[in-house]
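Coordinate inspection notes
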Amino acid sequence: WSAAEAEGLRSDFPALQQEVKPGVPLVYLDNAATSQKPKQVLDELNRFYSQDNSNVHRGMHTLSMRSTEAFETARQKVAKFVNAPDSHEIVFTRNATEAINLVARTWGAANIAKGDEIVLTVMEHHANLVPWQLLAESTGAVLRFGRLRDDGTLDVEQFESLIGDRTKLVAFCHVSNVLGCVNPVERVAKLAHSVGAKVLVDACQSVPHMPVDVQTLGADWLVASGHKMCGPTGIGFLWGRGEILRGSPPFLGGGEMIDQVTLEGSTFNDIPHKFEAGTPAFAEAVALGAACEYLTDLGMAAVSQRHRAGGEHELAKHLWSRLEALPGIHLYGPSPETQPDRASLVCFNVDGCHANDLATLVDQDRGVAMRSGHHCTQPLHGELGVTASARLSAYFYNTIEEIDVAVDALEVAIGLIRTGPAGDEPELDPA
Ligand code: PMP
């Protein structure tokens, strides 16, 4: 989009308009952790709570019917956003973490047995690792791991060599929240299905940034979190194939997920309600529907498009090339030359500088929101030979100028850390 359009876009996001201290505008580059919210989503949340708020599914009165209608319409919007064939295949969860645990505790507990193999990768977020470790511990199943190539991408051949007769499940991320690489879901799903295994895709870092079509990807489940895609916190979703969801036992027990209850036992509701025990986060679900509409109006192809000015691929290329030029820097994941579709997030370390110190200094100096730590991927950091890294992650509302501010601030911070506060380097924000 043009500079004017980009400016218009940014004005949709109230949080982006602030200064973190007088004269220092916020440069928000922590989007892989959570995105900011456009006023269209905030207004819808406010409108819903102000006008329609009433518990869903259990009332005959006007407000309850309005609220139920809005909640179920939101489900349809989410289904359309990822091209799910049937909105009943969308289960609302608190977040992606809960969605993965749901699959592990329901389908996993019923179908995984001693000696079965679950194939993961070393780049998984803890959310797509710990639930499978717990399942393996309780069943005697074995976890196997796809590893990395030297260029920071998944070693697809080695990963695929793990998939065989004993494989029951292949679970991996579409886009890594640390390496930014895009994994070949379609190809791996075909192979997994040819040996009778099921496939779960952690799409937390892809659904917000690129067109995602569950029917094209060909997996069996896909999970995402609303808060990373312009929606509120407390709402995420699981898409699953209808027949698998119907054939899986329920998750949590309680209201809404039942059909008939007697003192002796219960029968269960149809999908998706079977997996939505208790009062759901219905207002947040409605706002997530608004977020899907906002992103659809923007056009997900435009958000990601490589050759279009302002597209995320351009941001990724600029971010990578500016960072690469810093002295003593180590960038993780594939370069945009190696993988042109890589995500617009980059993790790195700088010799002699702790990531936490860099993050503190760029915030203080230029208002840059940069994350540091293990990003919930301790095993991956172990593979990279470090315990922490710094991460700059852009979204469609970020500009090339903001990336320049962030990298300029990093340059100053590196100088300051290396020479120490008493050195000749210019002092960071003396105020
Ligand atoms: N997987 C990936 C790849 C992620 O980036 C994240 C969030 N950092 C998660 C899973 C977990 O998301 P949530 O905490 O919203 O459940």
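As a reminder, the structure under discussion sits directly above these lines.
Residues numbered from 1 in each chain as written. Predicted model: local features only at pLDDT ≥ 70, side-chain atom pairs only at ≥ 80, totals over all residues. Heavy atoms only, no water.

What the 4 strands build is an open sheet, ordered S13-S14-S17-S16; its pairing is antiparallel. Either end of the sheet is taken by a strand with one partner, and the two such strands are strand S13 (329-332) and strand S16 (371-373). Between one strand and the next, the sheet's axes are offset by a mean angle of 30°, whatever the strand orientation. By the bridge criterion, 4 bridges tie S13 to strand S14 (residues 345-350) in an arrangement that is antiparallel. Each bridged residue has a counterpart across the sheet, and for Ile 329 the counterpart in S14 is Val 350. Sitting on the sheet, helix H13 (residues 355-366) touches S14, S16 and strand S17 (389-393), and the angle it makes with S16 is about 160°. (Pairing = 2+ DSSP bridges. Helix = DSSP H or I, 4+ residues; strand = E, 2+ residues; numbered from the N terminus. Axes fitted to C-alpha atoms, helices over the stretch in contact; angles between N-to-C directions. Contact = heavy atoms within 4.5 Å.)

Time to look at the pattern of salt bridges. What the rule picks out here adds up to 23 salt bridges. The partner of Arg 58 in a salt bridge is Glu 256, with the nearest N and O atoms 2.9 Å apart. Highlighted residues: Arg 58 in the loop between helix H2 (39-52) and helix H3 (62-81) and Glu 256 in the loop between helix H9 (242-247) and strand S11 (258-261), separated in sequence by 198 residues. Taken together, the salt bridges that share partners define one network made up of Glu 44, Arg 47, Asp 52 and Arg 66. (Salt bridge = Lys/Arg side-chain N within 4 Å of Asp/Glu carboxyl O.)

Counted by the stated rule, this structure contains 0 disulfides. Cysteine Cys 347 remains unbridged, with the sulfur of Cys 181 as its closest cysteine sulfur at 11 Å. Owing to a relative accessible area of 0%, Cys 347 belongs among the buried residues under this scheme. Considering cysteine sulfurs only, Cys 204 is the nearest to Cys 376, which forms no disulfide, with 11 Å between them. Given the relative accessible area of 32%, Cys 376 is considered partly exposed. (Disulfide = S-S within 2.5 Å. Buried < 20%, exposed > 50% of the residue type's maximum accessible area, 1.4 Å probe, protein only.)

Moving on: the nonpolar core. Grouped together as the largest cluster of nonpolar side chains are 77 residues, with contacts concentrated most on Phe 92, Val 207, Leu 222, Met 229, Phe 237, Leu 295 and Phe 396. Within the second largest apolar cluster, 32 residues are counted, among which are Val 368, Ala 394, Ile 403 and Leu 416. (Core = buried A, V, L, I, M, F, W, Y, C linked by side-chain atoms within 4.5 Å.)

Centre distance and the angle of the planes are the two values used to describe a pair of aromatic rings. All chains considered together, the criterion is met by 12 aromatic pairs. Seen in terms of ring centroids, Phe 13 and Tyr 397 are 4.6 Å apart; in terms of plane orientation they differ by 55°. Their pairing is tilted. With Phe 13 in the loop between helix H1 (3-10) and strand S1 (19-21) and Tyr 397 in the loop between S17 and helix H15 (400-419), this residue pair connects regions lying 384 residues apart in the sequence. Look at Trp 107 and Trp 221: their rings are 5.0 Å apart centre to centre, the planes differ by 65°, and that puts the pair in the edge-to-face class. Taken together, the residues Trp 107 in helix H4 (residues 96-111) and Trp 221 in strand S9 (residues 221-225) connect sequence positions 114 residues apart. Of the two residues, Trp 107 and Trp 221, both sit in the buried class. Aromatic ring contacts, followed pair by pair, group Phe 13, Tyr 294, Tyr 395, Phe 396 and Tyr 397 into a single cluster. A cation over an aromatic ring shows up here: Arg 75 above the ring of Phe 71, its NZ or CZ 5.1 Å from the ring centre. (Phe/Tyr/Trp six-rings, centres within 6.5 Å; stacked < 30°, edge-to-face > 60°. Lys NZ or Arg CZ within 6 Å of the ring centre and 35° of its normal.)

Mapped onto the elements of the fold, Asn 31 is located in the loop between strand S3 (27-28) and H2. For Asn 31, a relative accessible area of 1% translates into the label buried. A distance of 2.4 Å separates a polar atom in the side chain of Asn 31 from a polar atom in the side chain of Tyr 397. If we skip the residues at most four places from it in the chain, Asn 31 touches Gln 36, Ser 393, Ala 394, Tyr 395, Tyr 397 and Asn 398. (Polar contact = N/O pair within 3.5 Å; in protein donor to acceptor, adjacent residues only side chain to side chain.)

By definition, the strands of a sheet pair up through backbone hydrogen bonds, in either a parallel or an antiparallel sense. Taken in spatial order, the 7 strands of this open sheet run S4-S10-S9-S8-S7-S5-S6, and their pairing is mixed. The sheet is open, and its two edges are formed by strand S4 (90-93) and strand S6 (142-146), each paired on a single side. Neighbour-to-neighbour, the strand axes of this sheet turn through a mean angle of 20°, independent of strand direction. Two elements, S4 and strand S10 (residues 236-240), share 4 bridges in a ladder whose sense is antiparallel.

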